[in-house]
Amino acid sequence: MNIVVPIKMVPDLVEELVIDASGARLDPDALRLRLNEFDDHAIEQAILLKEKGAGQVTVVAPDIEGVDDALFTAAAKGADRLIKLTGNWNNGVNNHALARVFANFIKTLRPELILTGVQAHNDLDGAVGPQMAEHLGMAYVGYVSGVIVSDKAQVRKEFPGGMIAEMNVVLPAVLGIQAAEKPPRYVPISKVRATMKTAKIETFPAMELETAGAPTTVRLFQPETGARATMLEGDADAVATRLVEIFRESGVL
Amino acid sequence: MNSDIFVVIEHLRGQVSDISYVMLAAARGLANATGGKVIAVMLGHDVEALARDLAADRVLYIEHAAFADFSSDAYQRTLENVIKENAPRAVLFGDTTIGGDVAAWLSTHLALPLVSACRTFRADGSAPKFVSQICGGKMMAEGDLPAPTALVLMVPGGYKPEQGRAAQAPELVHGSAPALDDLRVTVKEYIEPAVGDVDVAKEAILVAIGRGVQNQDNVELAEELAKSLGGVVAGSRPVIDQGWLAPTRLVGKSGKAVKPKLYLALGISGAPEHTEAIGDSEMIIAINTDPTAPIFDIAKFGAQVDMLDLMPVLTEQVQQAKGLA
């Protein structure tokens, strides 16, 4: 089974998000990027499938800052092939363009299964997965939290309220991964470093970016915080004391 | 292109989801601005009666046995025709496990623009604008609603579901489905949520933990706190995905919506996928070390302390308070 996992980097929300002078986008110089966490689950799910049977896992990413670490980490977890797509990524890229780039390249790999994160927190024009599926003429199922493959894929798709549907999907297919069957494994940094010495990142040029299909952001702003929480001051002890008072006043205690 | 706003109604196993009513409320405002009608599109099998309380000018109901379950394939092919035939100004989908599988595919297939994570529309005299909630609820992105037909994935929070409910049944017309006998995506069976465990939707006091709990061992601190308060522990997505809490304890988009007397959110940032399910809580108290965490925007009280420091002392103080009472 030839499994391909396209991944993308997203702003790290732990850092402060700064809006640039245009007022319409995040300041790229103030951004720290990290792997989209759902893509991390997609990598894990691919490696779990590989471990259950024969298979090759190829991870594909646009060549932007921080992506080497993400790729080598995937290799340290068990990915077989690492690919970077070079292009003019400097001004950011929307998912419509990214899906075209991924589909255009990935079709040359002839995958039977494509696993990718079901979404990313900065998606403004839908997820990459279903768009790729259409370009490649494959079926798509998203919000997947478990996959078994044979001559078809059997997937667990999540619905609200904790209900799950077990679905049959004709291969080849694209699956949007919400959560891998097991949490993404931890690899020590020493192992990632060791992998860097042996693993190789292959580089291919991306097709010309074609951004049509996404909306244009005219203004980016922080949400209005009209009714912000009343903040309780002090250390944990002081906060606990105040909370007990609040619990009493509101009849919780 | 015409000026009508289409809303793809989401329903599962005989129930219309709240997001459908939220979208109808949003569509009404948009239709007032464009001068068009609100058309609810419902794909279903023997569920025509569900259309009764939809606040739409018209319901386009398409019946087919394949719609007994949700198949992305069946929805895509059917809605492709609906959009081509009607060329509405906008088509609204839930930014959900259903809409998410359909809208982005249609955007690519029909070469129509797509906006996701849309929370509200603005139409104050000028061209309608979308306002989307991104970056885990930390940023809002605003822009012109793209033309000719904007496909829009909507998140809850911007409109009240009650505004999308009607007292009188709307006019209903029947549409026809294309051939759907070679679907690539089919439902084999449903797995109901595990029973036997507590139902977080029915609990009065919830101690909810998020990523800030850091590891499984610390979950016990939350259990002790919940016990002292007479409540139970719930969690956000990362905690469930790590296997630290059972999936039945998940509060959020693919878990339960809750309405407790007290929702104590510990180390939960407040991403939209989570907060959409806690809005009906009587009181939300948020504890987070990140002062910019969006959870503070919806909480009544908040404190910027480490949940790991707070939990043991709070448990002790609650126990003491109860002993004195």
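Conventions and cut-offs
- Residues numbered from 1 in each chain as written.
- Chains lettered and ligands numbered in written order.
- Predicted model: local features only at pLDDT ≥ 70, side-chain atom pairs only at ≥ 80, totals over all residues.
- Helix = DSSP H or I, 4+ residues; strand = E, 2+ residues; numbered from the N terminus.
- Rg over C-alpha atoms; globule rule 2.2 N^0.38 Å.
- Contact = placed C-beta atoms within 7 Å.
- Buried ≥ 20, exposed ≤ 12 C-beta atoms within 10 Å, placed from the backbone.
- Pairing = 2+ DSSP bridges.
- Domains from an automatic or database assignment.
- Axes fitted to C-alpha atoms, helices over the stretch in contact; angles between N-to-C directions.
- Parallel < 35°, antiparallel > 145°, perpendicular 65-115°, else oblique.
- Nonpolar A, V, L, I, M, F, W, Y, C, P; charged D, E, K, R; others polar.
- Right-handed = clockwise from strand over helix to strand, strands pointing away.
- Core = buried A, V, L, I, M, F, W, Y, C linked by C-beta atoms within 7 Å.
- Expected span 1.5 Å × (residues − 1).

**Some words on the overall build of chain B**
- In terms of helices and strands, chain B carries 8 helices and 17 strands.
- Computed over the C-alpha atoms, the radius of gyration of chain B is 22 Å, within 12% of the 20 Å expected from 2.2 N^0.38 for a compact globule of 325 residues.
- Each principal axis of the C-alpha distribution contributes one length, and for chain B these read about 70 × 45 × 35 Å.
- Summarising the internal contacts of chain B: among those between residues at least 6 apart in sequence, 64% fall at separations of at least 24.

**Here's the deal with the overall build of chain A**
- The number of helices and strands found in chain A is 6 helices and 13 strands.
- Taken along the three principal axes of its C-alpha coordinates, chain A extends 65 × 45 × 40 Å.
- In chain A, buried positions account for 47% of the 253 residues.
- Pairs at least 24 residues apart make up 73% of the contacts formed inside chain A by residues separated by at least 6 positions.

**A few points about the interface of chain A and chain B**
- The interface is formed by 67 residues belonging to chain A together with 80 residues belonging to chain B.
- Within the residue set of the side of chain A that touches chain B, elements represented by two or more residues are helix H4 (128-136), strand S7 (139-149), strand S8 (152-158), strand S9 (164-170), strand S12 (219-221), strand S13 (230-231) and helix H6 (236-249) of chain A.
- At 8 residues, the largest contribution of residues to the side of chain A that touches chain B is made by H6 of chain A.
- Sheet analysis places S9 of chain A next to strand S12 (residues 185-191) of chain B, joined by 6 bridges and oriented antiparallel. The residue bridging Met 167 of chain A from the neighbouring strand is Val 187 of chain B, located in S12 of chain B.

**Considering the domain arrangement of chain B**
All names here are of chain B.
- Examined at the domain level, chain B breaks down into domain 1 (5-175) and domain 2 (200-324).
- Taking the mean C-alpha position of each, domain 1 and domain 2 sit 33 Å from one another.
- Between domain 1 and domain 2, the contact holds 8 residues from the first and 9 residues from the second.

**A short note on the pairing of strand S10 (residues 150-154) of chain B**
Residue and element names in this part refer to chain B.
- Taken across its 5 residues, S10 has 5 buried, putting it largely inside the fold.
- Every second residue of S10 is oriented toward a common face, with Ala 150, Val 152 and Met 154 on one face and Leu 151 and Leu 153 on the other, all of them buried.
- In terms of strand pairing, strand S6 (residues 90-94) meets S10 through 5 bridges, oriented parallel. Across the sheet, Leu 92 pairs through a bridge with Val 152, a residue of S10.
- Where strand S7 (residues 114-122) lies against S10, 3 bridges are found, and the strand directions are parallel. In the strand pairing of S10, Leu 114 is matched with Leu 151.

**Side note on unusual backbone geometry**
- In this structure, Pro 172 of chain A follows Leu 171 of chain A across a cis peptide bond, with omega equal to -5 degrees.
- Tracing the chain through its elements places Pro 172 of chain A in the loop between S9 and strand S10 (173-177).
- Of note, the amide linkage connecting Ala 147 of chain B to Pro 148 of chain B takes the cis form, showing an omega dihedral of 0 degrees.
- By secondary structure assignment, the location of Pro 148 of chain B is in the loop between strand S9 (139-144) and S10.
- One non-glycine residue with positive phi stands out, namely Cys 135 of chain B, at about 50 degrees.
- On the secondary structure map, Cys 135 of chain B appears in the loop between strand S8 (129-134) and S9.

**Side note on the packing of helix H2 (residues 67-77) of chain A against helix H5 (residues 189-198) of chain A**
Residue and element names in this part refer to chain A.
- H5 packs onto H2 with a crossing angle of 100 degrees between their chain directions and a minimal axis gap of 8 Å. In terms of orientation, H2 lies roughly perpendicular with respect to H5. Counted together, Phe 72, Thr 73, Ala 75 and Ala 76 of H2 and Lys 191, Val 192, Thr 195 and Met 196 of H5 form the full contact between these two elements.
- Within the contact of H2 with H5, the residues separate by chemical class into 5 nonpolar, 2 polar and 1 charged.

**Here's the deal with the sheet that holds S10 of chain A**
- Strand order across the open sheet formed by 10 strands is S11(A)-S5(A)-S4(A)-S1(A)-S6(A)-S10(A)-S7(A)-S8(A)-S9(A)-S12(B), with mixed pairing between neighbours. A single partner strand is all that each edge strand has here, and the edge strands are strand S11 (201-205) of chain A together with S12 of chain B. Each strand of the sheet is rotated relative to its neighbour by a mean of 35 degrees, with strand direction disregarded.
- Pairing of S8 of chain A with S9 of chain A involves 7 bridges; the strand directions are antiparallel. Of the residues in S9 of chain A, the one forming a bridge with Lys 152 of chain A is Val 170 of chain A.
- With respect to the sheet, helix H1 (residues 37-52) of chain A is in contact with strand S1 (2-6), strand S4 (56-62), strand S6 (113-117), S7 and S10 of chain A, its orientation differing from that of S6 of chain A by roughly 145 degrees.

**Focus on the pairing of strand S5 (residues 81-86) of chain A**
Residue and element names in this part refer to chain A.
- Judged from the 5 bridges that link them, S4 and S5 form a sheet pairing that is parallel. Counterpart to Val 59 in the pairing with S5 is Leu 82.
- The parallel pair S4 and S5 is bridged by H2, and the resulting crossover is right-handed.
- Note: S5 against S11, 5 bridges, orientation parallel. Across the sheet, the residue bridging to Leu 82 is Ile 201, located in S11.

**Observations regarding the sheet that holds S13 of chain A**
- Ordered by their spatial adjacency, 6 strands build an open sheet running S13(A)-S17(B)-S16(B)-S15(B)-S13(B)-S14(B), and the pairing between neighbours is parallel. Among the strands making up the open sheet, the edge pair consists of S13 of chain A together with strand S14 (232-235) of chain B.
- Pairing between strand S13 (residues 205-209) of chain B and S14 of chain B: 4 bridges, direction parallel. For Ile 209 of chain B, the partnering residue across the bridge sits in S14 of chain B and is Gly 235 of chain B.
- Helix H4 (residues 219-229) of chain B rests against S13, S14 and strand S15 (262-266) of chain B of the sheet, and its axis sits at about 165 degrees to S13 of chain B.

**Notes on the nonpolar core**
- Core analysis: the largest hydrophobic core is formed by 135 residues, its most contacted members being Val 59 of chain A together with Val 7, Leu 24, Ala 40, Leu 92, Val 152 and Met 154 of chain B.
- The element that contributes the greatest number of residues to this core is helix H1 (residues 18-34) of chain B, accounting for 11 residues.
- When neighbours within four sequence positions are excluded, Val 59 of chain A is seen to be in contact with Val 5, Ile 7, Ile 43, Leu 71, Ala 74, Ala 79 and Leu 82 of chain A.
- Ala 234, Ile 285, Ile 287 and Val 305 of chain B belong to the second largest nonpolar core, which has 53 residues in total.

**Some remarks on helix H3 (residues 99-110) of chain B**
- Over its 12 residues, H3 of chain B extends 16 Å from the first C-alpha to the last, a length consistent with the 16 Å expected when each residue adds 1.5 Å.
- One or two positions beyond H3 of chain B, positive phi appears at Ala 111 of chain B, with a value near 50 degrees.

**A word on the environment of Ser 132 of chain B**
- Tracing the chain through its elements places Ser 132 of chain B in strand S8.
- In this structure, the C-alpha to C-alpha distance between Ser 132 of chain B and Arg 184 of chain B, residues 52 residues apart in sequence, is 32 Å.
- Beyond its immediate chain neighbours, meaning those up to four positions away, Ser 132 of chain B contacts Leu 124 of chain A together with Val 115, Ser 116, Ala 117, Cys 118, Arg 119, Met 140 and Ala 141 of chain B.

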